[in-house]
Amino acid sequence: MGRAEERKARQRGARRAARGRPATGTPAEGTSDIGTSGTGTPASGIPASGAPAGEAPAGASASEGGAGSGSGSGSGETGGGGRRAGRRGRPAKPKPKGIRRFFTWKKLIGYFFGFILLGMLGFVVLYLMVDIPKGNAAARLQSNIYKYSDGSLLARDGDVNREIVDLDKIPKEVQRTFVAAENKSFYKDSGIDLKGTTRGVLNTLSGKGKQGGSTITQQYVKNYYLSQEQTVTRKLRELVISLKVDREKSKDDILAGYINTSYYGRGAYGIQAAAQAYYGVDASKLNVAQGAYLAALLQSPSTYDWAAASPTGKKLVKERWNYVLNNMVEEGWLDSGKRDGLKFPVPDDPKPDPEKKGQTGYLIEAANQIVEGQLVKQGYTKSEAEAQLKAGGYTITLNIDPKKQRQLEKAVDQKLNDRLDPEKSKADARVQAGAVSVDPKTGGIVAMYGGRNYLKHYTNNATRTDYQPASTFKPLILAAALEEGATTQSGKPITANTIYSGRSKRPVVGSEIGFAPPNEDGHSYGQVTVQTAMNKSINSVFAQMGVDVKMDKVLATAGKLGMDVKGLPAVPAQTLGSMGASPLEMAGAYATLDNHGKKVTPQLVKSVEHKDRTVDVPEAIGGEAISRGAADSVTSVLTGVVDDGTARTSVRDAPTRKGQQVAGKTGTSDDNKSAWFVGYTPKLVTSVGLFGEQPENDGKFKRGDQVSMRGAGGKPRVDGGSFPAEVWAAYMFKATGSRAKFDLDTTMGAGVAPPPEPTTQAPRTPSAPTTEPDDKDEPTTKPPTTKPTDPTTKPPTTPPTTPPTTPPTTNSPTFGPGDPDDRADRSRREDE
């Protein structure tokens, strides 16, 4: 057979295989293995019969043998036909069913591009439909109304302070400070930041609020044409109008509109009003350093206002000021040599606002900060929140009781201000007072004293957090000990009855950091109960107790009670109240104790009303911060400070006291820079703080520096038991006016009657100036009273109990950690 005939035979065999007709000796169609051809021939090309390739096996026709050979070799058309036959024998892939048929890769890609196309079409429609509105920002400005808790009028504000100036009247360098601060690409961009706007829309939809990203054009549009509302609709309109404004107006017109409509704080809208408010000059007279400060202000006017800023706020605005100037150098708008020679331009003090004289200004500004904080939580930036509030239309009702407010102001005047003569005495001029009074059942701030006059001292002494609370922190250490069921180094439970060493400068046992705090004036005490240590405010006892409890647990408990302990190191020195705290903060912590351990977060604002929006007010009363047993036991112990401790004369023996039960604690900080009395009755909690602040530059002291109050009011030393306690008593015993008794659950240990007064031990080393002083109390030699300090009308019928987790085996005092002196004292007592 010739080659042509052989080729034709192979082709005929391949066609029969494709039609499913198996050759002789091959498996039926559909039963062949993957490794064989469609005719049963192994993939290697060797026929199943073992015959050489290209030869038909015995008994097979030439055509069949050719077919087998062709499929086995995989050559030419016949091999391809065999493979196709094999594929036809496999089952077909099932089609997707249900919802899966809508989410194939091809369809998802189609959806994606379809969505983009629809978005583009929608934006085009929006662009065509939205016109640039008429600017009416000034017309929308209204007054805000502030009311007392009874609905009577406290104040009204909202006068618009704005004057438009042409851009050519503002120095070029000053113009560029705003561009450097907010939008370096302003002169090059199309008026929008698409990425930032998209992020803002997504944040709005997810409830995360705004996170910046707007251009100067967008901010101008928002200030002048739109509102500050955080809605997707407003953001989309802002985007469209910004594009149109950028096309229709010059960059100079946009920049002029921006700096003339922005809010700078101090009631100033626009750069002209801001220049007058902060530097007493026209905008045309501003220099580049002053311009950089005003540009920096726009991020957060109230935080960055130098006259009222906290130390943190001053640090932040300086950093922002440097950021602006560095950006100008980077853009080539300011010579680096000139920039290096610039000094921070401290602004002038605010001009007096007659409507804010006395305490009114402190109350209004404190309320504004709270409302602004709530607006920020709703999605506004700090700057937007301030501008929104200044736009007016709000009715803000405070929890302030007008009668109690007058009583507090009168008490401060009678017991402090009338005894000071700041004009003649430098020591008297250094004293600043702050006070907060809180209803522990509702959490409402019923009275607040921020300083002598808001128009003369803008910092609110009631809310400032830069002075140490000193020994007013000690009750929180005891609260932590009771809450944690803590024990002394010798394993004894800590209660009011536990005995510690009161030796001054006694090294703390169990601390990884060496700490041996002195007692006030170096006084040493022998073995004393925790009750006596609280009454006498003995530093060495509470330093050891803090380590016994573990300082991280002490700070955690303080945080639960309402103190801001974020970032504080858990070191023994914190037991002396070395952190910063405000009268408001301490009032909240003690109010939680008074409220039997249920968290009290004092609230100044009662309600906020506005026709266009809702502003929620936080809840003042929360859940359990510490157990009732721990809170009530601390209250029981604190009655001893009043009855037998550092507040005896000022509070216990006050002529206006009408049988009210009182718990409280005095405190005096390092070098007499602050002095405190924080106390409460069953119905009211009040915190009074005095702070030494330098009023004018005086040699080594600068204005605002913390200084000693020694010599003020003719006293060699201003401690917590003097002016602060006297102010407290004069106010509280008139504000409460009842004989209410504490309802206490003292299962964790009640206050105890003091043991016989210990003999004072002379210091082992000459007395040195103390570094962490506390309340000064000379040990008395008179016989102790037998009255128990647990606030009951008669002595308890059962002995005080200790925490249920570690009950004592006897009712005798339990001893704390020992050193040689401690062990000797303990041995003598046990022998007796």
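Being a predicted model, the structure only gives us computed values, none of them experimental.

**Points about the overall build of the protein**
Reasoning step 1: Assigned secondary structure in the protein consists of 27 helices and 15 strands.
Reasoning step 2: Burial status across the protein gives 51% buried among its 832 residues.
Reasoning step 3: For the protein, long-range pairs separated by at least 24 residues make up 73% of all intrachain contacts whose partners lie at least 6 apart in sequence.
Reasoning step 4: Total accessible area on the protein stands at roughly 38,100 Å², and carbon and sulfur atoms take up 52% of it.

**Regarding the sheet that holds strand β5 (residues 395-398)**
Reasoning step 1: Overall, mixed pairing links the 4 strands, which are arranged β2-β1-β5-β11 in an open sheet. The outermost strands of the open sheet, each flanked by one partner alone, are β2 (153-157) and β11 (605-609). Looking at each pair of strands side by side, their axes are set apart by 15 degrees on average, direction ignored.
Reasoning step 2: Sheet topology note: the strand β1 (residues 144-147)/β5 ladder contains 3 bridges and is parallel. By the bridge assignment, Tyr146 is partnered in β5 with Ile396.
Reasoning step 3: Set on the sheet, helix α15 (residues 360-377) makes contact with β1, β2, β5 and β11; between it and β5 the angle comes to about 110 degrees.

**Here we look at the confidence of the model for the protein**
Reasoning step 1: On average, residues of the protein score 79 in pLDDT, and 70% of them are at 70 or above.
Reasoning step 2: When the criterion is pLDDT under 50, residues 759-832 qualifies, and its contacts beyond four places in sequence or with other chains add up to 153 contacts.

**Some words on helix α26 (residues 723-735)**
Reasoning step 1: With 13 residues, α26 extends 18 Å between its outermost C-alpha atoms, agreeing within 8% with the 18 Å of an ideal straight helix rising 1.5 Å per residue.
Reasoning step 2: Across the 13 residues that make up α26, a large majority, 12, are buried.
Reasoning step 3: Looking at α26, one finds that the buried residues are Phe723, Pro724, Ala725, Glu726, Val727, Trp728, Ala729, Ala730, Tyr731, Met732, Phe733 and Ala735.
Reasoning step 4: In this fold, the buried residues of α26 make contact with α17 (402-415), β6 (431-438), β7 (445-449), α25 (648-652), β14 (674-680) and β15 (685-692).

**Focus: the pairing of β1**
Reasoning step 1: Taking every second residue as pointing to the same face, the buried face of β1 carries Asn144 and Tyr146, while none of Ile145 and Lys147 on the other face is buried.
Reasoning step 2: As consecutive antiparallel partners, β1 and β2 are separated by 5 residues, and within that stretch Gly151 has a phi angle of approximately 95 degrees, a positive value.

**What to know about the packing of aromatic side chains**
Reasoning step 1: Following the criterion strictly, the structure yields 17 aromatic pairs and no others.
Reasoning step 2: For the ring pair Tyr187 and Trp333, a centre distance of 6.1 Å and an interplane angle of 85 degrees mean the geometry is edge-to-face. With a gap of 146 residues between them, Tyr187 in the loop between α5 (172-182) and α6 (194-206) and Trp333 in the loop between α13 (311-331) and α14 (336-340) connect regions that are remote in the sequence.
Reasoning step 3: Residue class for Tyr187 comes out partly exposed when judged on its relative accessible area of 31%.
Reasoning step 4: Where Trp306 meets Phe344, the ring centres are 4.9 Å apart and the plane angle is 45 degrees; that geometry is what we call tilted. With Trp306 in the loop between α12 (301-304) and α13 and Phe344 in the loop between α14 and α15, the pair connects residues that are 38 residues apart, well separated along the chain.
Reasoning step 5: Chaining the aromatic ring pairs together yields one cluster made of Tyr278, Tyr279, Tyr293, Trp306, Trp321 and Phe344.
Reasoning step 6: One cation-aromatic arrangement involves Arg339 over Trp321; the distance from NZ or CZ to the ring centre is 5.8 Å.
Reasoning step 7: Cation over ring: Lys715 sits above Phe723, and NZ or CZ is 5.2 Å from the ring centre.

**Regarding the nonpolar core**
Reasoning step 1: Ranked by size, the top nonpolar core spans 81 residues in total, and within it Ile396, Phe473, Met545, Met563 and Tyr590 carry the most contacts.
Reasoning step 2: Beyond its immediate stretch of four places on either side in the chain, Tyr590 contacts Thr472, Pro475, Leu476, Leu638, Lys665, Val678, Tyr680 and Val685.
Reasoning step 3: Counting 51 residues, the second largest nonpolar core, distinct from the first, contains Val221, Tyr279, Tyr293 and Leu342.

**Describing the side chain of Glu693**
Reasoning step 1: Locating Glu693 in the fold gives a position in the loop between β15 and α26.
Reasoning step 2: Residue classification places Glu693 among the buried positions, given a relative accessible area of 10%.
Reasoning step 3: In terms of polar contacts, Glu693 uses its side chain to reach the side chain of His457, at 2.8 Å.
Reasoning step 4: Here Glu693 is in contact with Ala429, Arg430, Gln432, His457, Arg464, Tyr467, Gly704, Asp705 and Val707, once residues within four sequence places are set aside.

**Section: helix α23 (residues 583-594)**
An α-helix turns once every 3.6 residues. As a result, residues three or four positions apart point the same way.
Reasoning step 1: In a regular helix each residue adds 1.5 Å, so 12 residues correspond to 16 Å; α23 covers 16 Å between its end C-alpha atoms and thus fits that length.
Reasoning step 2: Burial of α23 is extensive: 11 of the 12 residues sit out of reach of the surface.
Reasoning step 3: Residues of α23 that are buried: Pro583, Glu585, Met586, Ala587, Gly588, Ala589, Tyr590, Ala591, Thr592, Leu593 and Asp594.

How each quantity is defined
- Residues numbered from 1 in each chain as written.
- Predicted model: local features only at pLDDT ≥ 70, side-chain atom pairs only at ≥ 80, totals over all residues.
- Heavy atoms only, no water.
- Helix = DSSP H or I, 4+ residues; strand = E, 2+ residues; numbered from the N terminus.
- Buried < 20%, exposed > 50% of the residue type's maximum accessible area, 1.4 Å probe, protein only.
- Contact = heavy atoms within 4.5 Å.
- Areas by Shrake-Rupley, 256 points an atom, 1.4 Å probe, with all protein chains shown as cover.
- Pairing = 2+ DSSP bridges.
- Axes fitted to C-alpha atoms, helices over the stretch in contact; angles between N-to-C directions.
- pLDDT = per-residue confidence, 0-100.
- Expected span 1.5 Å × (residues − 1).
- Phe/Tyr/Trp six-rings, centres within 6.5 Å; stacked < 30°, edge-to-face > 60°.
- Lys NZ or Arg CZ within 6 Å of the ring centre and 35° of its normal.
- Core = buried A, V, L, I, M, F, W, Y, C linked by side-chain atoms within 4.5 Å.
- Polar contact = N/O pair within 3.5 Å; in protein donor to acceptor, adjacent residues only side chain to side chain.

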